[in-house]
Amino acid sequence: MNRSCKKNIFLKYIVLAVSCICFSIIPVWAQIHIIPQPLHLTAQKGNFILTSKAIIGVDQQSEAVGTYLQNYLTQYYKLNLKLKVYPHVPTTVAIKLVSNNSKGAQGAYTLSVAPGSVNISGNGAGVFYGVQSLIELLPASIIKPLKITACKIADEPRFQWRGLSLDVCRHFFTVDEVKKYIDIMAHYKLNVLHWHLTDDEGWRIQIDKYPRLTEVGAKVALYAKEGKFRKLDNLIDGGNDGFYTKAEIRDVIKYAQDRFVTILPEIEMPGHSEAAIFAYPELGCQDSTGAKHRVRMLDPSEHTFNFLEDVLTEVIGLFPNQYIHIGGDEAEMIDWLKSPTAVTLMKKEGLKDEKGVQSYFIKRIEKFLISKNKKLVGWDEILQGGLAESATVMSWQGEAGGIAAAKMHHHVVMTPLPYMYFDAPQANEELEPIGWNPPVTWQMVYNYEPQSSQLTPAEAAYILGAQGNIWTEKIPNAPHLEYMVYPRALAIAELSWSTKENKDIDRFDYKMKQQYGLFKLWDLNARLPDIVGVDHIATNKEQFKTTLKYPLLGARLRYTLDGKMPDDKIQSVPFPVTINVPLRESLTLKTYTTWTLNSQHIMQTANIRRININAAKENITNLKPGLSYKLIKTKEINYAKLDTITPAITAVINTANPMVLPVTDGDITWVKMNGFIKIDQEGDYEFTSGFELSPALFIDNEPLMIKDKNTYVEPQKAILHLKKDIYEFSGYYSADDANSKQTLFQLKTADGKLLDPQTYLFHL
Ligand code: ACM
């Protein structure tokens, strides 16, 4: 068997593996796993069989998209379909792409797949998005016949801004790598690439009037090697050289336009400007002795403003986008207090402090951009000292800046830490490549809601959408970049395209795992999924038994129970794997998962902690339904210190199923619960809680799970053998807006039956 044939068979297996879902009625999403979830989707009977005989018929407006589809099918399926352009596409054509000028949201489309035909109709980007949904319906296997499940879709985006950033300064990425980044974005209907082109570590865009910006400013590795001062110690490997010529930038812009991706260029100011200052030292901030005391801050001189206007003029000449991002974050404004230029400026313009200088700086650049018919975008620091009149704010230091800006009727893109930061590890940081903390799981990304509940509907309308950010200090190459961005970017795609009501995390989880066949087809190095169930467990059982399953066929497991991290030197076994060992004391399960179709390995660890629960309370009478709870408002993050704080409310918790926290008003709110769990039938039970909640839960004062606020912890659960009895139960939760919709905790029987809290929670 030749290698490519072997590969194809594996691809078929993957699809089969993740499709083997045990439902008596198979849900639509088990067959049609489009990400982002379409607004309206119904499965129909039958399939469309795609062969090279099918003709793609397009109207003139859809010709470019038709060519895109034709090329896609050739590249990935070796199918060479004819493309025909018609004034009116006849119904006899197998695959019809038709532009309409309907008034729906930009990007709206309909797609219908029937046994004999595929019809896509849309406005603007709509036909392209219809084609992307069709691409997702294609099998990831290129083994023929190519069956496409019949369905009807009517779809449109929730937000107009569905972004991803790319930092090419800390590490440079080639034109081909940027194009692939755009390709994958487009497949998931992401439509803004925020291209971070200048920073301390590198200036990456050709500017004719200032050639040293790239001759010097783009040569990170060279200057680091020569020992000249550049602040490169945060780069994992000293960085790499490179910049884009204007011809290359135009080529990338055209490539993105063909995929309905807008490029937002970012030229950083007044901070993060070391590369520019290294090339042209006179731009840098001088102190009163005339010495350069820092090398990252631009001096607010006329010379600097002339320089920036020259640079922006050339940037505007390249990018047709209406927005220009001017950075504005993390400026070391304190430097200005020593700069004679800034001090003189403050006196002349009546600026109160260094924040006033920042505001003056940004407003002056805004005026220039407006004179060129462009809109300014900046990080939320541009709010300091007074926001420029028409600025759009990118809220990154949490949501506060974005909320404030929306209340002032400014447009906002929500990209808050930690949810939207993909340079954070995706799981336990000790087992992942180095990144900024804390870890951000795809679930955290998925559950993020860009329109804060603190905004009125009118204010919420100023939220243009959401964006995932990636900074590449620790990301030296494209495969690593893909590992960090995917699959998390799929969560951004769905939360920014699909309506709130149309989100479903379990369905998304399933659909996401279905994408790995496509990832293989596209050669995308997305991080492999974790094994579900390698959770930290508290248990009073004497035997530890678990079966580890994996959603991708061809995956193999190595594991240890002795605390040593497994590696590829030990024998691997195929999934599923049942572990069944006596549990005399606590043990640690460590896993090392590989998949046949890429070179990654994913490591996980779980502590299996033996606890003793024996104090039953059978004599207690007068139990009343529900848990008693106290609501404590404080910035304290340690649950153990809460007992001295007077609670805001004391009441009985709502025991509706599922249990969720009382509504919060944006502050951290602690809930302290007390009561009893009444078990009517002896048996094994499982406790779990919302993944992002930070509970400390105790039965009979034994800790079941403890997760600290602001500290990432892997999933935890408790598996307990409980007698027919009454057990003391207590717990603490901290909640904020982001997690207040999550289930507090659940109690299930060993066979997975969810128990109604009203039947087992009581207080005195
Ligand atoms: C940022 O992450 N400094 C915008």
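Please read these numbers as outputs of a predicted model, since none were measured by experiment.

K.L.:
Can you tell me about the overall build of the protein, naming the residues and giving the values?
P.N.:
A tally of regular secondary structure across the protein gives 20 helices and 33 strands. With the model as given, the accessible surface of the protein reaches about 31600 Å², and the carbon-plus-sulfur share is 52%.

K.L.:
Before we move on, can you summarise the pairing of strand β27 (residues 683–688) with the specific residues and values?
P.N.:
Across a regular strand the side chains alternate sides, sitting on one face of the sheet and then on the other. In this structure, β27 lies alongside strand β30 (residues 716–722), joined through five bridges in antiparallel fashion. Within β30, the residue paired with G683 across the bridge is L722. Pairing geometry for β27 and strand β32 (residues 746–749), over four bridges, is antiparallel. When the sheet's bridge partners are listed, T688 is paired in β32 with Q746.

K.L.:
Talk me through the environment of G217; I want residue IDs and the actual numbers.
P.N.:
Here G217 shows up in the loop between α6 (212–215) and α7 (220–225). Linking G217 and A275, residues 58 residues apart in sequence, is a C-alpha distance of 4.6 Å.

K.L.:
Can you tell me about the sheet that holds strand β22 (residues 601–610), naming the residues and giving the values?
P.N.:
Overall, mixed pairing links the eight strands, which are arranged β19-β18-β21-β22-β16-β30-β27-β32 in an open sheet. Each of the sheet's edge strands pairs with one partner strand only, and the pair in question is β19 (573–574) and β32. Judged from the eight bridges that link them, strand β21 (residues 587–595) and β22 form a sheet pairing that is antiparallel. Opposite T593, over in β22, you have I602 as the bridge partner.

K.L.:
How would you sum up the packing of helix α3 (residues 63–77) against helix α4 (residues 126–137)? Please name residues and give values.
P.N.:
Direction vectors running N to C along α3 and α4 enclose 20°, while the axes themselves pass 10 Å from each other. Between α3 and α4, the angle falls in the class roughly parallel. Every pair of crossing elements has a handedness; the one defined by α3 and α4 is right-handed. Residues V65, Y68, L69 and Y72 of α3 form the contact with α4, whose participating residues are V127, F128, V131, Q132, L134 and I135. Split by residue class, the contact of α3 with α4 holds nine nonpolar, one polar and no charged.

K.L.:
Which residues make up the nonpolar core, and what values go with them?
P.N.:
Membership of the largest hydrophobic core comes to 178 residues, with the highest contact counts inside it found for L50, I95 and Y486. No other element matches helix α10 (residues 302–318), which puts eight residues into this core. If we ignore the near neighbours within four places in the chain, the residues touching L50 are L73, L79, L81, I95, L138, L146 and I148. In this structure, L697, M705, A718 and L720 belong to the second largest nonpolar core, which totals 28 residues.

K.L.:
So what about the pattern of salt bridges? Which residues, and what values?
P.N.:
In this structure the tally under the stated criterion is 24 salt bridges. Two residues, R259 and D183, come together in a salt bridge whose shortest N-O distance is 2.8 Å. Taken together, the positions of R259 in the loop between α8 (246–257) and β10 (262–269) and D183 in helix α5 (residues 175–187) put the pair 76 residues apart, joining distant regions of the chain. What makes R259 buried here is its relative accessible area of 12%. K513 serves as the salt-bridge partner of D509, at 2.8 Å between the closest nitrogen and oxygen.

K.L.:
Could you give an account of the side chain of D199, with specific residues and numbers?
P.N.:
One can find D199 in the loop between β9 (192–196) and α6. Relative accessible area serves as the criterion here: at 2%, D199 is assigned to the buried category. Within the structure, D199 has its side chain in polar contact with the side chain of H272 (distance 2.7 Å). Not counting the four nearest positions on each side in its chain, D199 is found in contact with C169, R170, E268, H272 and A275.

K.L.:
Can you explain the packing of helix α17 (residues 488–497) against helix α18 (residues 505–514)? Please cite residues and give values.
P.N.:
At their nearest, the axes of α17 and α18 sit 11 Å apart, and the two run at 130° to each other. Regarding the angle of α17 to α18, the classification is oblique. Note that α17 runs across α18; the crossing there is right-handed. In this structure, α17 uses L490, A491 and E494 to contact α18, whose residues at the interface are R507, F508, K511 and M512. Grouping the constituent residues of the contact of α17 with α18 by class yields four nonpolar, no polar and three charged.

K.L.:
Residues and numbers for the confidence of the model for the protein, please.
P.N.:
Mean pLDDT over the protein: 89, with 89% of residues reaching 70 or higher. Segment residues 1–24: pLDDT under 50, and 38 contacts once partners within four positions in sequence are set aside and those in other chains are kept.

K.L.:
Can you explain the sheet that holds strand β7 (residues 146–155)? Please cite residues and give values.
P.N.:
Taken in spatial order, the seven strands line up as β1-β7-β5-β6-β4-β2-β3 in an open sheet, and their pairing is mixed. Bordering the open sheet on either side are β1 (40–50) and β3 (82–85), each of which pairs with just one other strand. For this sheet, the mean angle separating the axes of adjacent strands, direction not counted, is 20°. The strands that α4 touches are β4 (95–99), β5 (109–114), β6 (117–122) and β7; relative to β5, the one it contacts most, it runs at about 35°.

K.L.:
Talk me through the environment of A279; I want residue IDs and the actual numbers.
P.N.:
Mapped onto the elements of the fold, A279 is located in helix α9 (residues 274–279). Relative accessible area serves as the criterion here: at 2%, A279 is assigned to the buried category. On a C-alpha basis, the gap between A279 and Y210 in space is 8.9 Å, while along the polypeptide they are 69 residues apart. Contact partners of A279, with chain neighbours within four places excluded, come to R212, L213, V216 and G217.

K.L.:
For the pairing of strand β29 (residues 702–706), give the residues involved together with the corresponding values.
P.N.:
Across four bridges, the pairing between strand β28 (residues 696–699) and β29 is antiparallel. Paired with L697 across the bridge in β29 is M705. Between the end of β28 and the start of β29, which pair antiparallel, lie two residues, with D700 showing a positive phi angle near 50°.

K.L.:
Explain the packing of aromatic side chains residue by residue, including any values.
P.N.:
For the coordinates displayed, the defined rule picks out 29 aromatic pairs. With a centroid separation of 4.7 Å and 50° between ring planes, the pair formed by Y72 and Y76 is classed as tilted. Note that Y72 and Y76 are positioned in helix α3 at a spacing of four residues, about one turn of the helix. Judged by centre distance (4.6 Å) and plane angle (40°), the rings of F172 and Y244 are tilted. Pair noted here: F172 is in the loop between β8 (161–167) and α5 and Y244 is in the loop between α7 and α8, with a separation of 72 residues, a long-range link. An aromatic cluster of three or more residues is present, and its members are Y68, F128, Y129, F260 and W497. One Lys or Arg, R259, reaches over the ring of Y255 and ends 3.6 Å from the middle of that ring. A cation over an aromatic ring shows up here: R364 above the ring of F305, its NZ or CZ 4.1 Å from the ring centre.

K.L.:
Lay out α5 with the relevant residues and their values.
P.N.:
Along an α-helix, residues three or four positions apart point the same way, because every turn accommodates 3.6 residues. Here α5 contains 13 residues, and its C-alpha end-to-end distance of 19 Å stays within 8% of the 18 Å for a straight helix at 1.5 Å per residue. A large share of α5 lies buried, amounting to 10 of its 13 residues. The set of residues buried in α5 consists of V175, V178, K179, Y181, I182, D183, I184, M185, A186 and H187. Positive phi appears at K189, one or two residues downstream of α5, with a value of about 65°.

Cut-offs and rules
- Residues numbered from 1 in each chain as written.
- Predicted model: local features only at pLDDT ≥ 70, side-chain atom pairs only at ≥ 80, totals over all residues.
- Heavy atoms only, no water.
- Helix = DSSP H or I, 4+ residues; strand = E, 2+ residues; numbered from the N terminus.
- Areas by Shrake-Rupley, 256 points an atom, 1.4 Å probe, with all protein chains shown as cover.
- Pairing = 2+ DSSP bridges.
- Axes fitted to C-alpha atoms, helices over the stretch in contact; angles between N-to-C directions.
- Parallel < 35°, antiparallel > 145°, perpendicular 65-115°, else oblique.
- Left-handed = near helix turned anticlockwise from the far one by under 90°.
- Contact = heavy atoms within 4.5 Å.
- Nonpolar A, V, L, I, M, F, W, Y, C, P; charged D, E, K, R; others polar.
- Core = buried A, V, L, I, M, F, W, Y, C linked by side-chain atoms within 4.5 Å.
- Buried < 20%, exposed > 50% of the residue type's maximum accessible area, 1.4 Å probe, protein only.
- Salt bridge = Lys/Arg side-chain N within 4 Å of Asp/Glu carboxyl O.
- Polar contact = N/O pair within 3.5 Å; in protein donor to acceptor, adjacent residues only side chain to side chain.
- pLDDT = per-residue confidence, 0-100.
- Phe/Tyr/Trp six-rings, centres within 6.5 Å; stacked < 30°, edge-to-face > 60°.
- Lys NZ or Arg CZ within 6 Å of the ring centre and 35° of its normal.
- Expected span 1.5 Å × (residues − 1).

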